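If you want the building blocks of each chain, they are given just below.
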Amino acid sequence: MPEPIEITFLGTGSSTPTPQRGHPAILIKYSGDHMLFDCGEGTQIQLQKARVSPMKIKRIFISHWHADHFAGLLPMIETLHLQNRKEPLEIYGPEASRFVDAISELSYWGIGFEIKTKDCGEEDMEKILDTENYEIHSIKVDHSVPSVGYIFKEKDRWNIDTKLAKKYKLSGKDLKIIKEKGIFKGIKLSKVAKLSPGRKLIYSGDTRVSKKLFNAAKNADLLIHDGTFTEPMESRAHSSVKEVAKLSKKYNVKKLVLTHFSRRYKSVKEIEKIAKKIFKNSIVARDMMEMKL
Ligand SMILES: [Zn+2]
């Protein structure tokens, strides 16, 4: 069984937080790494509810610099400083260096650890992180300010069939070589192993429906998407539940989680009904909802 990708929806509201829905923030745990996607006001409290120390957060991906998506950064950085963090913290986002510099200056005592920034969104789609087990790409989306969505892609993996390895008399050392080079003494990797494709998860951030994003989300295991309104609203730089559910079905997304709801909706039951009627694998996010992929 592959290692689970664990997702906690820390905040699922939009511009104004309510007692039920905080500002956007999503925690993803995978392969020993803790990552935050957006860090709105109140993220620290939500992390405490999830029993996750902010010291564990290795990287933060900000979709755009509207306060609902980053207002939690300054207090979190101060907490990390007070807790004597020494590990560097990586922060990604459009114009990340400019905004992080500005935030870092708002402090009497400076910051006792390094913050590494990476600016994203200059290209339509860009690989911004490559680790042993997964990659992260940013994808430009369509909002009122420079904004990106993020694609988390687990690397494809070759699983050795031990029976076949035995048949070809391959030792553990031989298998290591074959996995690295794709061939060993004329035996191709595909003869003794099966390729299992990595899982794909996409977070839209705030955006009008974007064809580019849905192209990238084709066959994705999970799409977390802006669902601010139920009906399309031409004048607003957000998506509607109806459009997103329709496109998720068309692009064969396996599971859709709608988030970032306008506080005009007192109950999300109606939103859920609308979404499920169009695309049955729709889920309406709530604060502290947990999922495993
Ligand atoms: Zn927002």
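Residues numbered from 1 in each chain as written. Predicted model: local features only at pLDDT ≥ 70, side-chain atom pairs only at ≥ 80, totals over all residues. Heavy atoms only, no water.

**Some thoughts on the state of the cysteines**
Basically, it comes down to this: Sulfur atoms of two cysteines make up a disulfide when they are within 2.5 Å. Type-normalised accessible area, obtained with a 1.4 Å probe on protein chains alone, sets the label of each residue: buried when under 20%, exposed when over 50%, and partly exposed for intermediate values.
Evaluated as defined, the whole model comprises zero disulfides. Summary of cysteine pairing: C39 is not part of a disulfide, and the nearest cysteine sulfur, belonging to C120, is at 16 Å. Residue classification places C39 among the buried residues on the basis of a relative accessible area of 0%.

**Considering empty space enclosed by the protein**
What counts is decided by this rule: Of the two site types, the cavity is a set of points on a 1 Å grid over the protein atoms alone where a 1.4 Å probe fits but cannot get out, and the pocket is an open set with protein on both sides within 12 Å along at least five of seven lines, each lined by residues with an atom within 4 Å of a point. Grid points are joined across faces, edges and corners, and a volume is the space filled by probe spheres set on the points. Secondary structure is summarised from DSSP: a helix means a run of H or I of at least four residues, a strand means a run of E of at least two, and numbering begins at the N terminus for each.
Enumeration according to the criterion identifies two cavities of 30 Å³ or more in this entry. A volume near 50 Å³ is recorded for the largest cavity. Residue lining of the largest cavity: L74, I77, E78, H81, I103, S104, L106, S107, W109, G110 and I111, and that is the complete set. When contributions to the lining of the largest cavity are tallied by element, the ones reaching two or more residues are α3 (73-82) and α4 (96-104).

**A closer look at the packing of helix α9 (residues 241-250) against helix α10 (residues 269-278)**
Heads up, the rule is: Fitting a line to C-alpha atoms yields each axis, with helices limited to the stretch in contact; the angle taken between N-to-C directions then spans 0 to 180 degrees. What sets the label is the angle itself: under 35 degrees gives roughly parallel, over 145 gives roughly antiparallel, 65 to 115 gives roughly perpendicular, and the rest give oblique. Helix crossings get a hand from a simple test, with the near helix turned counterclockwise from the far one by less than a right angle marking a left-handed crossing and a clockwise turn marking a right-handed one. The criterion used for residue contact is that any of the two residues' heavy atoms lie within 4.5 Å.
Here α9 crosses α10 at 30°, and the two axes come no closer than 8 Å. Classified by the angle their axes make, α9 and α10 are roughly parallel. α9 and α10 meet at a crossing whose hand is right-handed. Between α9 and α10, the residues in contact are V241, K242, A245, K246 and K249 and I271, I274, A275 and I278, respectively.

**Quick word on the coordination of the zinc ion**
Selection rule: Coordinating donors are taken as N, O and S atoms within 2.8 Å of the metal, stretched to 3.2 Å for Na, K and Ca; because water is absent from the atoms, sites can appear incomplete.
Around the zinc ion, the protein supplies D68 (OD), H69 (NE2), D206 (OD) and H260 (NE2) as donor atoms, at distances of 2.1 to 2.2 Å. Classification of D68 by relative accessible area gives buried; the value is 8%. Since its relative accessible area comes to 4%, H260 is described here as buried.

**Quick notes on the sheet that holds strand β4 (residues 57-61)**
For the record, the criterion: A pair of strands is treated as paired once DSSP finds two or more bridges between them.
Taken in spatial order, the seven strands of this open sheet run β6-β5-β4-β3-β2-β1-β18, and their pairing is mixed. The strands lining the two open edges of the sheet, one partner per strand, are β6 (115-119) and β18 (289-292). The average angle at which neighbouring strand axes cross in this sheet is 20°, direction not considered. In this sheet, β18 lies alongside strand β1 (residues 6-11) in antiparallel orientation, the contact comprising four bridges. When the sheet's bridge partners are listed, F9 is paired in β18 with M289.

**Focus: the sheet that holds strand β14 (residues 200-203)**
Strands sit in the order β7-β8-β9-β14-β15-β16-β17 across an open sheet of seven strands; the sheet is mixed. Each edge of the open sheet is held by one strand with a lone partner, namely β7 (125-130) and β17 (282-284). Mean inter-strand twist for the sheet, computed between neighbouring axes without regard to direction, equals 20°. Strands in contact with α9 are β15 (222-226) and β16 (256-259); relative to β16, the strand with the most contacts, it is inclined by about 165°.

**Quick look at unusual backbone geometry**
Here the phi dihedral of K169 falls at roughly 55°; this positive angle occurs in a residue that is not glycine. With respect to the helices and strands, K169 occurs in the loop between α5 (162-167) and α6 (172-181). Positioned with a positive phi, H260 is a non-glycine residue whose angle comes to about 65°. Considering the arrangement of structural elements, one finds H260 in the loop between β16 and α10.

**A closer look at the pairing of strand β5 (residues 89-93)**
Here β5 lies mainly inside the structure; five of its five residues are buried. Every second residue of β5 is oriented toward a common face, with L89, I91 and G93 on one face and E90 and Y92 on the other, all of them buried. Here β4 runs beside β5; their pairing, made up of three bridges, is parallel. The residue bridging I60 from the neighbouring strand is I91, located in β5. Strand direction decides the pairing type here: β5 and β6, joined by five bridges, are parallel. Counterpart to Y92 in the pairing with β6 is K118.

**Remarks on the domain arrangement of the chain**
What counts, and what does not: Delimitation of the domains relies on an automatic or database domain assignment.
The domains assigned to the chain are domain 1 (6-156 + 197-292) and domain 2 (159-193). Computed over C-alpha atoms only, the centres of domain 1 and domain 2 are separated by 40 Å.

**Notes on the pattern of salt bridges**
Note the threshold: Any Lys or Arg side-chain nitrogen found within 4 Å of a carboxyl oxygen on Asp or Glu counts as a salt bridge.
Applying the stated criterion across every chain yields a total of 16 salt bridges. Across the pair K58 and D33 runs a salt bridge, and its minimum N-O distance is 3.3 Å. Of the two residues, K58 sits in strand β4 while D33 sits in strand β3 (residues 33-37), which places them 25 residues apart along the sequence. You can call K58 partly exposed: its relative accessible area is 35%.

**Some points on the nonpolar core**
Rule in force here: We call a set of buried Ala, Val, Leu, Ile, Met, Phe, Trp, Tyr and Cys residues a nonpolar core when their side-chain atoms join them within 4.5 Å.
Residues I7, F9, F37, F61, I136 and Y150 are the most contacted members of the largest nonpolar core, which totals 26 residues. Those residues in contact with F61, other than ones at most four positions away along the chain, are M35, L36, F37, D38, Y92, I128, L129, I136 and Y150. Ranked by size, the runner-up nonpolar core spans 24 residues in total, among them C39, W65, L73 and L89.

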